[in-house]
Amino acid sequence: MLDPELLERITARRAELDELEEQLAKQSAEVRDERDELAVAERVLERMSEQLANERASAAPTPVQGAGRR
């Protein structure tokens, strides 16, 4: 015959583990979402940095060369 107290402890522990698994799955999904958002932010920053560098390069005065003076 099964020990009712032991069976109750097993059932309680299983419920704890089920709850923990649910919490971890939620945290994992949140971490994935944040990583995806950071990847997008990184791509935007790279594009904006390139665009700014290009704008600065095109706005910079071109150096004037002298007539061979040293």
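Structure: see above.
Residues numbered from 1 in each chain as written. Predicted model: local features only at pLDDT ≥ 70, side-chain atom pairs only at ≥ 80, totals over all residues. Heavy atoms only, no water.

Draft legend 1. Representation of the pattern of salt bridges in the model. Tallied over the full model, the rule gives one salt bridge. The shortest N-O distance in the salt bridge between arginine 13 and glutamate 16 comes to 3.0 Å. You can see arginine 13 and its partner glutamate 16 sitting in helix H1 (residues 4-59), three residues apart, about one turn around the helix. You can call arginine 13 partly exposed: its relative accessible area is 45%. (Salt bridge = Lys/Arg side-chain N within 4 Å of Asp/Glu carboxyl O. Helix = DSSP H or I, 4+ residues; strand = E, 2+ residues; numbered from the N terminus. Buried < 20%, exposed > 50% of the residue type's maximum accessible area, 1.4 Å probe, protein only.)

Draft legend 2. Representation of a nonpolar patch on the surface. Among the surface-exposed residues, Leu17, Leu20 and Leu24 lie close enough to one another that they form a single nonpolar patch of about 250 Å² accessible area. By the element assignment, leucine 17 lies in helix H1. Of the residues examined, leucine 17 reaches a relative accessible area of 40% and is grouped as partly exposed. (Patch = residues over 30% accessible without salt bridge, like charges linked within 9 Å, V, L, I, M, F, W, Y side chains within 5 Å. Areas by Shrake-Rupley, 256 points an atom, 1.4 Å probe, with all protein chains shown as cover.)

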